[in-house]
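# Descriptive analysis of the structure
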Amino acid sequence: AGGVWLAITAAAAAWVWRLPSVYQAEAIVLVESRRIPEQLVPSPAEMDLEARLEAARQKLLASAELQAAIRKLRLDARLRRNGATADSLVAQIRQNLTIAPVDATGRGRLGPFSIAFRWDDAETAARVANHVAWRFVQETSQARRFGSGAAAQFLSAQAVAAKRELEQREAA
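Parameters and conventions
Residues numbered from 1 in each chain as written. Predicted model: local features only at pLDDT ≥ 70, side-chain atom pairs only at ≥ 80, totals over all residues. Heavy atoms only, no water. Helix = DSSP H or I, 4+ residues; strand = E, 2+ residues; numbered from the N terminus. Buried < 20%, exposed > 50% of the residue type's maximum accessible area, 1.4 Å probe, protein only. Contact = heavy atoms within 4.5 Å. Areas by Shrake-Rupley, 256 points an atom, 1.4 Å probe, with all protein chains shown as cover. Phe/Tyr/Trp six-rings, centres within 6.5 Å; stacked < 30°, edge-to-face > 60°. Pairing = 2+ DSSP bridges. Axes fitted to C-alpha atoms, helices over the stretch in contact; angles between N-to-C directions. Core = buried A, V, L, I, M, F, W, Y, C linked by side-chain atoms within 4.5 Å. Patch = residues over 30% accessible without salt bridge, like charges linked within 9 Å, V, L, I, M, F, W, Y side chains within 5 Å. Salt bridge = Lys/Arg side-chain N within 4 Å of Asp/Glu carboxyl O. pLDDT = per-residue confidence, 0-100. Parallel < 35°, antiparallel > 145°, perpendicular 65-115°, else oblique. Nonpolar A, V, L, I, M, F, W, Y, C, P; charged D, E, K, R; others polar.

### Overview of the overall build of the protein
Across its full length, the protein holds six helices and three strands. When the helices and strands of the protein are listed from N to C terminus, the series reads α-β-α-α-α-α-β-β-α. Expressed as a percentage of the 172 residues in the protein, the buried residues total 26%. Contacts in the protein between residues far apart in sequence, at least 24 positions, make up 67% of those at least 6 positions apart. Summing over all exposed atoms, the protein offers an accessible surface of approximately 11,800 Å²; the carbon and sulfur share of this is 58%.

Rendered as structure tokens:
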């Protein structure tokens, strides 16, 4: 019985030893909610967390976006080494990239989420996860700047209207 157990253990250990190493890198991204009070500047209906994550996922997983990341991170060397096509590498990156909420209790608000990437090289896994997180932050910042500009225009229009009303009252 001891010999059978030893043989099974040795076979399992040999099988595990031959498995390729897979590394996972993860970045946690927190998008803060707006800082202008809702009473001051009305906002359009907010999408829930899953809808916002899905929109970000679609943007970040678009072929053109991933091909740009492949060039920027110099992953195309892997193409030449393995004889893979650009499309197959894009598909592999899509398959190994996960964008998911960290805590689903904040439904209705964009909260923290993780961007995780699995690869056979630890450094590449970290570089890709960090790049995707960086791109998401860029996209979010751009959207926030646009929202800030809209809020500034709204407040400016409110100030002009208030000044006009005050001038009319003073003239009367």
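Having seen the model, we can carry on.
### Comments concerning the packing of aromatic side chains
For the structure shown, the criterion picks out two aromatic pairs. Taking 4.7 Å as the distance between ring centres and 80° as the angle between the ring planes, the aromatic pair formed by Phe113 and Phe136 counts as edge-to-face. Within this pair, whereas Phe113 is found in strand β3 (residues 113-119), its partner Phe136 is found in helix α6 (residues 122-171), the two being separated by 23 residues in sequence. Relative accessible area serves as the criterion here: at 7%, Phe136 is assigned to the buried category. Between Phe117 and Trp119, the aromatic rings sit 5.3 Å apart at their centres with planes inclined by 20°, giving stacked as the arrangement. Exposure remark for Trp119: the relative accessible area of 4% places this residue in the buried category.

### A few points about unusual backbone geometry
Backbone geometry at Arg74 places phi at a positive 60°, although glycine is not the residue there. Structurally, Arg74 is set in the loop between α3 (63-72) and α4 (76-82). Judged by its relative accessible area of 63%, Arg74 falls in the exposed class.

### Some thoughts on the sheet that holds strand β1 (residues 23-29)
Taken in spatial order, the three strands of this open sheet run β1-β3-β2, and their pairing is antiparallel. With one partner strand each, in any of the chains shown, β1 and β2 (97-101) form the two edges of the open sheet. Across this sheet, the average inter-strand angle for adjacent strands is 20°, counted without regard to direction. Strand direction decides the pairing type here: β1 and β3, joined by seven bridges, are antiparallel. The partner of Glu26 across the bridge, within β3, is Ala116. Along the sheet, helix α5 (residues 86-96) makes contact with β2 and β3, crossing β3 at roughly 130°.

### Considerations on the nonpolar core
The biggest cluster of nonpolar side chains holds 25 residues, and the ones touching the most others in it are Leu75, Ile93, Ile115, Phe117 and Phe136. In terms of residues, this core owes the most to one element, α6, which gives six residues.

### A word on the side chain of Glu65
Mapped onto the elements, Glu65 comes out in helix α3. Ignoring anything within four residues of it in the chain, the contact list for Glu65 reads Lys59, Leu60 and Arg135.

### What about a nonpolar patch on the surface?
Taken together, the side chains of Trp15, Val16 and Leu19 make up a nonpolar region of the molecular surface, amounting to roughly 330 Å² of accessible area. Take Leu19: it is sitting in the loop between α1 (2-18) and β1.

### Brief notes about the confidence of the model for the protein
Summing up the model confidence of the protein, the mean pLDDT is 76 and the portion of residues at 70 or higher is 73%. Mean pLDDT in the protein bottoms out at helix α2 (residues 49-60), which sits at 70, and peaks at β1, which reaches 91.

### As for the packing of α3 against α5
Two measures define how a pair of helices packs: the angle their axes make with one another and the distance between the axes. Put simply, α3 and α5 touch, their axes get as near as 10 Å, and they point 100° apart. Taken together, the axes of α3 and α5 are roughly perpendicular relative to one another. Between α3 and α5, the contacting residues are Ser63, Leu66, Gln67 and Ile70 on the first element and Asp87, Leu89, Val90, Ile93 and Arg94 on the second. For the contact of α3 with α5, the per-class residue count stands at five nonpolar, two polar and two charged.

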